[in-house]
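Breakdown of the fold
Residues per chain, in single letters:
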Amino acid sequence: MKKSSGIKIVLIGVVLAALVIGYYFYLSSKTQTKQEEVVESTRVQTALMRDLEKNYPPTPKEVVKYFNEITMCFYNEKYSDEELGQMAEKIQGIYDAELVANKSQEQYMEDLKNDIVEMKSNDRSVSSYQLPASTDVEFFSENGDSCARLYCTYSIRQGTDMLQSRLVFILRQDENKRWKILGWDLDD
(Lines give C-alpha, C1' and ligand atoms only; values in the text may rest on other atoms or scores of the structure.)
Protein backbone atom coordinates (compact mmCIF):
# COMPACT_ATOMS: atom_id res chain seq x y z
CA MET A 1 0.00 0.00 0.00
CA LYS A 2 2.79 2.37 0.81
CA LYS A 3 4.33 1.66 -2.56
CA SER A 4 1.14 2.50 -4.52
CA SER A 5 0.48 5.69 -2.50
CA GLY A 6 4.12 6.75 -3.16
CA ILE A 7 3.60 6.15 -6.88
CA LYS A 8 0.36 8.18 -6.75
CA ILE A 9 2.15 11.09 -5.08
CA VAL A 10 4.93 11.00 -7.69
CA LEU A 11 2.37 10.88 -10.54
CA ILE A 12 0.37 13.77 -9.08
CA GLY A 13 3.63 15.75 -8.66
CA VAL A 14 4.62 15.07 -12.28
CA VAL A 15 1.17 16.09 -13.54
CA LEU A 16 1.23 19.31 -11.48
CA ALA A 17 4.75 20.13 -12.69
CA ALA A 18 3.64 19.53 -16.29
CA LEU A 19 0.64 21.83 -15.78
CA VAL A 20 2.82 24.60 -14.32
CA ILE A 21 5.38 24.29 -17.13
CA GLY A 22 2.62 24.20 -19.76
CA TYR A 23 0.96 27.29 -18.28
CA TYR A 24 4.33 29.11 -18.24
CA PHE A 25 4.91 28.37 -21.94
CA TYR A 26 1.33 29.41 -22.74
CA LEU A 27 1.83 32.80 -21.03
CA SER A 28 5.24 33.41 -22.59
CA SER A 29 3.99 32.64 -26.10
CA LYS A 30 0.98 34.92 -25.52
CA THR A 31 3.34 37.77 -24.50
CA GLN A 32 5.51 37.19 -27.56
CA THR A 33 2.46 37.35 -29.81
CA LYS A 34 1.48 40.72 -28.34
CA GLN A 35 5.02 42.03 -28.80
CA GLU A 36 5.08 40.89 -32.42
CA GLU A 37 1.83 42.79 -33.08
CA VAL A 38 3.44 46.14 -32.22
CA VAL A 39 3.57 48.21 -35.38
CA GLU A 40 6.46 50.55 -36.09
CA SER A 41 5.28 54.14 -36.33
CA THR A 42 6.53 56.46 -39.04
CA ARG A 43 8.37 59.71 -38.32
CA VAL A 44 5.20 61.57 -39.23
CA GLN A 45 3.11 59.55 -36.78
CA THR A 46 5.77 60.01 -34.08
CA ALA A 47 5.77 63.78 -34.60
CA LEU A 48 1.97 63.86 -34.48
CA MET A 49 1.71 61.78 -31.31
CA ARG A 50 3.21 64.50 -29.13
CA ASP A 51 0.59 66.14 -26.95
CA LEU A 52 1.76 69.74 -26.63
CA GLU A 53 -0.69 70.42 -23.81
CA LYS A 54 0.78 67.72 -21.58
CA ASN A 55 4.29 67.36 -23.03
CA TYR A 56 5.44 70.78 -24.22
CA PRO A 57 9.19 71.07 -24.89
CA PRO A 58 10.73 72.63 -21.76
CA THR A 59 13.66 74.57 -23.27
CA PRO A 60 14.29 76.71 -26.36
CA LYS A 61 16.59 73.99 -27.69
CA GLU A 62 13.89 71.33 -27.33
CA VAL A 63 11.32 73.59 -29.05
CA VAL A 64 13.64 74.02 -32.05
CA LYS A 65 14.36 70.28 -32.01
CA TYR A 66 10.62 69.54 -32.30
CA PHE A 67 10.37 72.19 -35.06
CA ASN A 68 13.14 70.35 -36.92
CA GLU A 69 11.50 66.95 -36.48
CA ILE A 70 8.35 68.24 -38.13
CA THR A 71 10.31 70.15 -40.79
CA MET A 72 12.17 66.97 -41.74
CA CYS A 73 8.80 65.23 -42.07
CA PHE A 74 7.54 68.03 -44.37
CA TYR A 75 10.45 67.65 -46.77
CA ASN A 76 11.55 64.03 -46.44
CA GLU A 77 8.56 61.84 -45.64
CA LYS A 78 5.42 60.63 -47.36
CA TYR A 79 2.13 61.64 -45.75
CA SER A 80 -1.50 62.27 -46.52
CA ASP A 81 -3.10 65.72 -46.89
CA GLU A 82 -4.75 65.14 -43.52
CA GLU A 83 -1.37 64.42 -41.90
CA LEU A 84 0.09 67.54 -43.53
CA GLY A 85 -2.68 69.60 -41.95
CA GLN A 86 -2.07 67.96 -38.58
CA MET A 87 1.69 68.60 -38.79
CA ALA A 88 1.02 72.24 -39.74
CA GLU A 89 -1.22 72.54 -36.69
CA LYS A 90 1.44 70.97 -34.45
CA ILE A 91 4.20 73.24 -35.70
CA GLN A 92 2.00 76.30 -35.25
CA GLY A 93 1.52 75.14 -31.66
CA ILE A 94 5.15 76.00 -30.98
CA TYR A 95 5.00 79.36 -32.82
CA ASP A 96 4.53 82.61 -30.94
CA ALA A 97 1.03 84.08 -31.29
CA GLU A 98 2.55 87.09 -33.09
CA LEU A 99 4.11 84.81 -35.73
CA VAL A 100 0.86 82.87 -36.25
CA ALA A 101 -1.08 86.13 -36.61
CA ASN A 102 1.08 87.21 -39.58
CA LYS A 103 -0.85 84.96 -41.99
CA SER A 104 -4.30 83.48 -42.28
CA GLN A 105 -4.49 79.70 -41.95
CA GLU A 106 -5.30 79.37 -45.65
CA GLN A 107 -2.30 81.52 -46.66
CA TYR A 108 -0.03 79.62 -44.28
CA MET A 109 -1.09 76.25 -45.74
CA GLU A 110 -0.72 77.51 -49.31
CA ASP A 111 2.78 78.87 -48.61
CA LEU A 112 3.78 75.66 -46.82
CA LYS A 113 2.58 73.47 -49.70
CA ASN A 114 4.39 75.68 -52.23
CA ASP A 115 7.60 75.51 -50.20
CA ILE A 116 7.38 71.71 -49.99
CA VAL A 117 6.73 71.43 -53.74
CA GLU A 118 9.69 73.73 -54.48
CA MET A 119 12.04 71.71 -52.26
CA LYS A 120 10.97 68.42 -53.82
CA SER A 121 11.01 69.72 -57.39
CA ASN A 122 14.61 70.90 -56.85
CA ASP A 123 15.47 67.41 -55.52
CA ARG A 124 16.26 68.83 -52.08
CA SER A 125 15.79 67.21 -48.71
CA VAL A 126 16.90 68.06 -45.20
CA SER A 127 19.52 65.45 -44.50
CA SER A 128 20.28 66.42 -40.89
CA TYR A 129 20.39 69.31 -38.46
CA GLN A 130 22.70 70.22 -35.64
CA LEU A 131 21.55 72.12 -32.58
CA PRO A 132 23.95 74.00 -30.33
CA ALA A 133 24.87 72.90 -26.83
CA SER A 134 22.45 74.15 -24.20
CA THR A 135 25.16 76.51 -22.97
CA ASP A 136 25.24 78.16 -26.42
CA VAL A 137 21.65 79.39 -26.17
CA GLU A 138 21.70 83.16 -25.62
CA PHE A 139 19.03 84.43 -23.22
CA PHE A 140 18.06 88.11 -23.20
CA SER A 141 15.21 90.46 -22.36
CA GLU A 142 13.37 92.51 -24.98
CA ASN A 143 10.54 94.90 -24.07
CA GLY A 144 10.10 93.09 -20.77
CA ASP A 145 9.82 89.65 -22.43
CA SER A 146 12.19 86.76 -21.80
CA CYS A 147 13.74 85.77 -25.12
CA ALA A 148 16.29 83.29 -26.42
CA ARG A 149 18.46 83.11 -29.51
CA LEU A 150 20.02 79.97 -30.90
CA TYR A 151 21.62 78.83 -34.13
CA CYS A 152 20.87 75.64 -36.00
CA THR A 153 22.91 74.23 -38.85
CA TYR A 154 21.20 72.21 -41.57
CA SER A 155 22.67 69.79 -44.08
CA ILE A 156 20.54 69.90 -47.21
CA ARG A 157 20.96 67.33 -49.93
CA GLN A 158 20.38 68.55 -53.47
CA GLY A 159 20.80 65.64 -55.82
CA THR A 160 24.25 64.33 -54.93
CA ASP A 161 25.49 67.64 -53.45
CA MET A 162 25.40 68.60 -49.79
CA LEU A 163 24.69 72.21 -48.86
CA GLN A 164 25.02 73.80 -45.43
CA SER A 165 22.58 76.38 -44.15
CA ARG A 166 22.55 78.06 -40.76
CA LEU A 167 19.45 79.65 -39.28
CA VAL A 168 19.13 81.84 -36.22
CA PHE A 169 15.95 81.29 -34.18
CA ILE A 170 14.41 83.82 -31.82
CA LEU A 171 12.08 82.45 -29.15
CA ARG A 172 9.96 84.24 -26.59
CA GLN A 173 8.26 82.97 -23.46
CA ASP A 174 4.50 83.26 -23.45
CA GLU A 175 2.29 83.95 -20.44
CA ASN A 176 2.48 80.23 -19.49
CA LYS A 177 6.33 80.34 -19.49
CA ARG A 178 6.45 78.20 -22.64
CA TRP A 179 9.11 79.00 -25.20
CA LYS A 180 7.55 79.84 -28.55
CA ILE A 181 9.29 80.49 -31.87
CA LEU A 182 8.97 84.17 -32.69
CA GLY A 183 10.86 83.86 -35.96
CA TRP A 184 13.99 82.69 -37.77
CA ASP A 185 16.29 83.95 -40.48
CA LEU A 186 19.39 82.92 -42.39
CA ASP A 187 22.52 83.66 -40.40
CA ASP A 188 25.05 85.95 -42.03
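Below, the structure is looked at part by part.

1. Details of the environment of Tyr129
Among the structural elements, Tyr129 can be located in strand E1 (residues 124-130). Linking Tyr129 and Gln164, residues 35 residues apart in sequence, is a C-alpha distance of 9.5 Å. Not counting residues up to four positions away in its chain, the partners in contact with Tyr129 are Lys65, Asn68, Glu69, Met72, Cys152, Thr153 and Tyr154.

2. Let's talk about the pattern of salt bridges
Once their charged atoms are close, side chains differing in charge can pair, the charge on each being opposite to the other. Following the criterion strictly, the structure yields seven salt bridges and no others. We note a salt bridge from Arg166 to Asp187, for which the minimum N-O separation is 3.3 Å. Here Arg166, found in strand E4 (residues 161-173), pairs with Asp187, found in the segment after strand E5 (179-186); they are 21 residues apart in sequence, far enough to count as distant. Through salt bridges that share partners, Asp96, Glu98, Asp145 and Arg172 make up one connected network.

3. Describing unusual backbone geometry
Residues other than glycine predominantly adopt negative phi, and peptide bonds predominantly adopt the trans conformation. Even without being a glycine, Asp123 presents a positive backbone phi close to 55°. Along the chain, Asp123 falls in the loop between helix H6 (105-121) and E1. Of note in this structure, Lys177 is not a glycine but carries a positive phi near 65°. Secondary-structure assignment places Lys177 in the loop between E4 and E5.

4. Thoughts on the packing of helix H3 (residues 60-76) against helix H4 (residues 81-92)
In contact at an axis separation of 10 Å, H3 and H4 are set at 160° when each is read in the N-to-C sense. Relative to H4, the element H3 lies roughly antiparallel. Read as a crossing pair, H3 and H4 show a hand that is left-handed. In contact with Tyr66, Phe67, Ile70, Thr71, Cys73 and Phe74 of H3, H4 contributes Leu84, Met87, Ala88, Lys90 and Ile91.

How each quantity is defined
The numbering scheme is per chain: residues are counted from 1 as the chain's sequence reads. At least 70 in pLDDT is required for a residue's local features to be given in this predicted model, at least 80 for side-chain atom pairs to be given and counted, and no such filter applies to totals for whole chains, interfaces and linings, which use all residues. Calculation of side-chain values draws on the structure's entire complement of heavy atoms; hydrogens and water are dropped beforehand. Helix numbers and strand numbers start at the N terminus; a helix is a DSSP run of H or I with at least 4 residues, a strand a run of E with at least 2. It only takes one pair of heavy atoms within 4.5 Å for two residues to be counted as in contact. Within this document, salt bridges are pairs made up of a side-chain nitrogen of Lys or Arg and a carboxyl oxygen of Asp or Glu, the two lying within 4 Å of each other. Working convention: axes come from line fits to C-alpha atoms, limited for helices to the stretch in contact. Angles between N-to-C directions cover 0 to 180 degrees. Any angle between 65 and 115 degrees counts as roughly perpendicular, while under 35 counts as roughly parallel, over 145 as roughly antiparallel, and the rest as oblique. Left-handed describes a crossing whose near helix is turned anticlockwise from the far helix by less than a right angle; the clockwise case is right-handed.

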